[in-house]
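# Reading the structure
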Amino acid sequence: FHVLEHLPDPVETLRRLGEALRPDGKLFVEVPNLDTDEAHPGRRFHAAHLTHFTAAALKYAGAKAGLVMLECEAGRNLWAVFGRGRVSAELPATEAVAELVAREERRTMARHLWRSLPALPGRWWG
């Protein structure tokens, strides 16, 4: 839980953990989700986080380590289950990276606070 983002080589760590798995073993990973609107704009990039993950980037890191992503749940954090298996390590699409950059450019404190408000009567546009 919340370790991979702090490591200088998360792929190598995933590879070593994968080697320790039994053939039918599972590895559960949780990391902050870069692809979310829930995080406070001022806390998107923590100084101690050496790597930032989206679901696609986490799947890619697992594949590079020889693991298959079996499940992934995305919210403020990413929760993923990996197992051993045949994988192809495809790079995340350039369009997905461009969308993340565009989303970061649109992120403001006012927008974050507005989205954090509870549903108010008549607040259907939000």
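Refer to the structure above for everything that follows.
Residues numbered from 1 in each chain as written. Predicted model: local features only at pLDDT ≥ 70, side-chain atom pairs only at ≥ 80, totals over all residues. Heavy atoms only, no water.

## Brief notes about the overall build of the protein chain
Heads up, the rule is: Secondary structure follows DSSP: runs of H or I at least 4 residues long count as helices, runs of E at least 2 residues long count as strands, and numbering of each begins at the N terminus. What sets the accessible areas is the Shrake-Rupley method with a 1.4 Å probe; for residues, cover comes only from the shown protein chains.
Per the secondary structure count, the protein chain includes four helices and three strands. Starting at the N terminus, the α and β elements of the protein chain follow one another as α-β-α-β-β-α-α. Entry remark: accessible area of the protein chain is about 8,500 Å², with carbon and sulfur atoms responsible for 57%.

## A closer look at the packing of aromatic side chains
Under the convention used in this document: Pairing of aromatic side chains here covers Phe, Tyr and the six-membered ring of Trp, requires ring centres within 6.5 Å, and sorts the geometry by plane angle: under 30 degrees stacked, over 60 edge-to-face, intermediate tilted. Each residue is placed in one exposure class: buried if its accessible area under a 1.4 Å probe, protein chains only, is under 20% of its type's maximum, exposed if it is over 50%, and partly exposed if it falls in between.
Under the defined criterion, the tally for this structure stands at two aromatic pairs. Summarising the aromatic geometry, the rings of Phe-1 and Phe-28 are spaced 5.3 Å apart at their centres and angled 55° between planes, so their arrangement reads as tilted. Taken together, the residues Phe-1 in the segment before helix H1 (10-20) and Phe-28 in strand E1 (residues 26-32) connect sequence positions 27 residues apart. The class of Phe-1 is exposed, set by a relative accessible area of 65%. Given a relative accessible area of 36%, Phe-28 falls into the partly exposed group. Here the aromatic residues Phe-1, Phe-28 and Trp-79 are joined through ring pairs into a cluster of three or more.

## Considering the pattern of salt bridges
So the rule is basically this: Counted as salt bridges are all cases of a side-chain nitrogen of Lys or Arg within 4 Å of a carboxyl oxygen of Asp or Glu.
Under the definition given, this model contains two salt bridges. With a shortest N-O distance of 2.3 Å, Glu-12 and Arg-15 are connected by a salt bridge. With Glu-12 and Arg-15 both in helix H1 and three residues apart, the pair spans about one turn of that helix. Judged by its relative accessible area of 29%, Glu-12 falls in the partly exposed class. Owing to a relative accessible area of 28%, Arg-15 belongs among the partly exposed residues under this scheme. Ionic pairing is found between Glu-19 and Arg-15, a salt bridge with its closest N-O pair at 2.3 Å. Taken together, the positions of Glu-19 and Arg-15, both in helix H1 and four residues apart, correspond to about one turn of that helix. Residues joined in a network through salt bridges with shared partners are Glu-12, Arg-15 and Glu-19.

Function cannot be inferred from these measures alone, as they are strictly geometric.
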